[in-house]
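This is what each chain is made of:
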Amino acid sequence: MKIIAIGRNYAEHIAELNNERPSEPVVFLKPDTAVLRNNAPFYHPDFSKDIHYEVEVLLKISKEGKHIEKKFAHKYYDEIGIGIDFTARDLQQRCKEKGLPWEIAKAFNGSAPISEFKAKNAYNLNELNFSLTQNDELKQKGNTNMMLFSFDEIIAHISKYFTLKKGDVIFTGTPAGVGKINIGDKLVAYLENEKLLEVEVK
Ligand code: ZN
């Protein structure tokens, strides 16, 4: 499986990092070695002093497709979940300044904790609340009605470049409130009011 992630999809998060508002989705990948499942702990690597949490809604691809039209995109995912896009902000900043790719800052081992997946029919995808706490303190709170690009627009866009395969996971962008993690932290992510993911930082 592969992970395809969207950057800069929530206006307030773009503002907090002083980034430009994109005219089309910003896309990057994470390899399967980035995935953490079943609430596995995250071991803080020593190459970064500033790893941030970014809570994001996940889509799980249910059948293979490429060049998917927006109006058919909903047929390609049946389940949603919640994940954290761990980002080494210090490395990312250095890459950005030099105009280099971000992979070392975004795709390292364990950088993609993902929850179990839930049938999408149980939710209103256009008004979906999600949030993240760090040591029981609310840090991020988002609603999919604030996305610049909808789930279906994201699928239409990325499937122009990458064939989507069953089991692939899409990270759909983070709202405002990203921040640094520390060893000993407990991060918990919620979809609506349900706790779906818990990650201990070791
Ligand atoms: Zn992200």
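Use the structure listed above.
Residues numbered from 1 in each chain as written. Predicted model: local features only at pLDDT ≥ 70, side-chain atom pairs only at ≥ 80, totals over all residues. Heavy atoms only, no water.

Visitor: Would you explain the pattern of salt bridges in this entry?
Guide: A side chain with one charge may pair with a side chain of the opposite charge, provided their charged atoms come close. Here the structure, examined in full by the defined rule, presents 12 salt bridges. Where Lys60 meets Glu79, a salt bridge forms, and the shortest distance between an N and an O atom there is 4.0 Å. Of this pair, Lys60 sits in strand S5 (residues 55-61) while Glu79 sits in strand S6 (residues 77-84); the two residues are 19 residues apart in sequence, bridging distant segments of the chain. Through salt bridges with shared partners, one network takes in Lys30, Glu54, Asp85, Arg89 and Lys106. (Salt bridge = Lys/Arg side-chain N within 4 Å of Asp/Glu carboxyl O. Helix = DSSP H or I, 4+ residues; strand = E, 2+ residues; numbered from the N terminus.)

Visitor: Sorry, what's going on with the pairing of strand S1 (residues 3-7) here?
Guide: Each regular strand shows side chains that alternate between the opposite faces of the sheet. Counted residue by residue, S1 has five buried out of five residues, so it is predominantly covered. Neither face of S1 is left uncovered, since the one carrying Ile3, Ala5 and Gly7 and the one carrying Ile4 and Ile6 both have all their residues buried. Direction of pairing for S1 relative to strand S12 (residues 169-171): parallel, over a ladder of three bridges. In the sheet register, Ala5 faces S12, and the bridge partner there is Phe171. Here five bridges tie S1 to strand S2 (residues 26-30), and the two strands are oriented antiparallel to one another. Paired with Ile4 across the bridge in S2 is Leu29. (Buried < 20%, exposed > 50% of the residue type's maximum accessible area, 1.4 Å probe, protein only. Pairing = 2+ DSSP bridges.)

Visitor: Is there a simple way to think about the sheet that holds strand S13 (residues 179-180) in this case?
Guide: Two orientations exist for strands paired in a sheet by backbone hydrogen bonds: parallel and antiparallel. Taking strand neighbours across the sheet as the criterion, the three strands line up as S7-S4-S13 in an open arrangement whose pairing is antiparallel. Since the sheet does not close on itself, it has two edges, and those belong to strand S7 (87-88) and S13, each with one partner. Note that strand S4 (residues 51-53) and S7 share two bridges and pair antiparallel. Bridging from a neighbouring strand, His52 pairs with Thr87 of S7.

Visitor: Which parts of the structure should I look at to understand empty space enclosed by the protein?
Guide: To find leftover empty space, a probe the size of one water molecule is rolled over the atoms. Scanning the entire structure with this criterion turns up one cavity of 30 Å³ or more. Around the largest cavity, the lining comprises 16 residues; the ones closest to its centre are Gly7, Arg8, His13, Glu54 and Lys106. At the level of elements, S1 and helix H2 (89-98) are the ones that each hand at least two residues to the lining of the largest cavity. Take the lining of the largest cavity: its biggest share by element is three residues, from H2. Per-class residue counts for the lining of the largest cavity are four nonpolar, five polar and seven charged. (1 Å grid on protein atoms, 1.4 Å probe; cavity = no way out; pocket = protein on both sides within 12 Å on 5 of 7 lines; lining within 4 Å. Points joined across faces, edges and corners; volume = space filled by probe spheres on them. Nonpolar A, V, L, I, M, F, W, Y, C, P; charged D, E, K, R; others polar.)

Visitor: Explain helix H4 (residues 151-158) to me, please; I cannot follow it from the model alone.
Guide: Think of an α-helix as turning once every 3.6 residues; residues three or four places apart then point the same way. Counting buried positions over the eight residues of H4 gives seven, a clear majority of the element. Here H4 has its buried residues at Phe151, Asp152, Ile154, Ile155, Ala156, His157 and Ile158. Tucked into the core, H4 has its buried residues touching S1, S2, S5, S6 and S12. (Contact = heavy atoms within 4.5 Å.)

Visitor: Which parts of the structure should I look at to understand the coordination of the zinc ion?
Guide: Looking at the zinc ion, one finds its protein donor set to be Glu54 (OE), Glu56 (OE) and Asp85 (OD), positioned 1.9 to 2.1 Å from the metal centre. Here the donor residues of the zinc ion are spaced in sequence according to E-x1-E-x28-D. Exposure class is identical for Glu54 and Glu56. Each is buried. (Donors = N, O, S within 2.8 Å, 3.2 Å for Na, K, Ca; no water.)

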